[in-house]
Protein chains: 2
Amino acid sequence: MFGEILQSIVDGTSGALGAVLMGYDGIAIDQHFKVCEGVDLSLIAVEYSNVLKEIRRTAEILGTGAMEEVSVKTERLMVIIRTLGSEYFIALAMERNGNFGKGRYLLVREAPRLREALA
Amino acid sequence: MFGEILQSIVDGTSGALGAVLMGYDGIAIDQHFKVCEGVDLSLIAVEYSNVLKEIRRTAEILGTGAMEEVSVKTERLMVIIRTLGSEYFIALAMERNGNFGKGRYLLVREAPRLREALA
């Protein structure tokens, strides 16, 4: 179930390297990764779960409402994260020149299905 | 100089609330804010400087290259941040339905001028 949705997001986004459904505790529920050299996508997702906790805390302090989406672009990689309630999130990693808009759209589109399946 | 560039970014982005040029130490160099109730943009920028440090540290651990851009969407606000070398960044805050693409484009376009002026 989760794996199919993750695969559809990765396959539908040009430049995508993989997607992972994860808890804020850094434990993955499911993932779909393309083979890619020199990039450890599992590690990336775990490390970003810490970043998300920091952002969530910041949003709470600032009273700007719940965090919904975070994206980070580095020299080698783009990561888009969409929150799925208070316990889980989905992260999509892509090449830095991948189709950011399409990836973002697919995460928005699939989020309700993932939330429903997680409940 | 900085003020004019910041204003041009805010004025050019529909839904923008303000922009700030800031060091990672949370000290603002210059800022241009529209009057907006219930949102303390200075505080938001200071709090996000901590988030950026965490993301920078994460990118270093992961070896995914230097952080270039971070965006965070919450229920009430969208913040786009663009790094300007290792010491400074520019943050643009906008309403959650503001023109994300245009804001992002203007940050990319003005980053070289800001870097030059900061050097």
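Presented here is an overview of the structure given in this document. Bear in mind that the values here come from a model prediction, so they are computed numbers and not experimental data. (Residues numbered from 1 in each chain as written. Chains lettered and ligands numbered in written order. Predicted model: local features only at pLDDT ≥ 70, side-chain atom pairs only at ≥ 80, totals over all residues. Heavy atoms only, no water.)

**So, the side chain of E110 of chain B**
All names here are of chain B.
Piece 1. Structurally, the position occupied by E110 is in helix α3 (residues 100-118).
Piece 2. Classification of E110 by relative accessible area gives buried; the value is 4%.
Piece 3. Looking at E110, its side chain comes within polar contact range of the side chain of R113, at 2.7 Å.
Piece 4. Once you skip the residues sitting within four places of it in the chain, E110 turns out to touch I5 and I9. (Helix = DSSP H or I, 4+ residues; strand = E, 2+ residues; numbered from the N terminus. Buried < 20%, exposed > 50% of the residue type's maximum accessible area, 1.4 Å probe, protein only. Polar contact = N/O pair within 3.5 Å; in protein donor to acceptor, adjacent residues only side chain to side chain. Contact = heavy atoms within 4.5 Å.)

**Structural notes on the interface of chain A and chain B**
Piece 1. Each partner contributes to the interface: chain A provides 31 residues, whereas chain B provides 31 residues.
Piece 2. Between chain A and chain B, a total of about 2,700 Å² is buried, with carbon and sulfur atoms accounting for 59% of that surface.
Piece 3. The largest per-residue losses of area from chain A upon contact with chain B belong to L62, T64 and K73 of chain A, which jointly make up 19% of the total buried on that side.
Piece 4. For the interface between chain A and chain B, the tally reads two salt bridges.
Piece 5. A salt bridge links E68 of chain A to R96 of chain B; the nearest nitrogen and oxygen atoms lie 2.7 Å apart.
Piece 6. On inspection of chain A and its partner chain B, the count reaches 15 residue pairs in polar contact (both at pLDDT 80 or more).
Piece 7. Among the elements of the structure, α2 (41-62), β3 (67-74), β4 (77-84) and α3 (100-118) of chain A are those that each provide at least two residues to the side of chain A that touches chain B.
Piece 8. With twelve residues, α2 of chain A is the single largest residue contributor to the side of chain A that touches chain B. (Buried area = accessible area lost by both parts, 1.4 Å probe. Salt bridge = Lys/Arg side-chain N within 4 Å of Asp/Glu carboxyl O.)

**Description of empty space enclosed by the protein**
Residues and elements named next belong to chain A.
Piece 1. For the structure on display, the rule yields two cavities of 30 Å³ or more.
Piece 2. Computed from the structure, the largest cavity encloses a volume of approximately 70 Å³.
Piece 3. Around the largest cavity, the lining residues are G18, V20, F33, L41, I44, A45, Y48, V79, A91, L92 and A93.
Piece 4. Mapped onto the lining of the largest cavity, the elements with two or more residues apiece are β1 (16-23), α2 and β5 (88-95).
Piece 5. Here the lining of the largest cavity is composed, by residue class, of ten nonpolar, one polar and no charged. (1 Å grid on protein atoms, 1.4 Å probe; cavity = no way out; pocket = protein on both sides within 12 Å on 5 of 7 lines; lining within 4 Å. Points joined across faces, edges and corners; volume = space filled by probe spheres on them. Nonpolar A, V, L, I, M, F, W, Y, C, P; charged D, E, K, R; others polar.)

**Some words on the sheet that holds β1 of chain A**
Piece 1. Reading across from one edge, β2(A)-β1(A)-β5(A)-β4(A)-β3(A)-β3(B)-β4(B)-β5(B)-β1(B)-β2(B) is the order of the ten strands in this open sheet, with antiparallel pairing throughout. The strands lining the two open edges of the sheet, one partner per strand, are β2 (28-33) of chain A together with β2 (28-33) of chain B. Ignoring which end each strand starts from, the neighbouring axes of this sheet average 10 degrees apart.
Piece 2. Its contacts with the sheet place helix α1 (residues 2-12) of chain A against β1, β2 and β5 of chain A, and it is angled at close to 40 degrees to β2 of chain A.
Piece 3. Sheet contacts for helix α1 (residues 2-12) of chain B: β1 (16-23), β2 and β5 (88-95) of chain B; angle to β2 of chain B, the most-contacted strand, approximately 40 degrees. (Pairing = 2+ DSSP bridges. Axes fitted to C-alpha atoms, helices over the stretch in contact; angles between N-to-C directions.)

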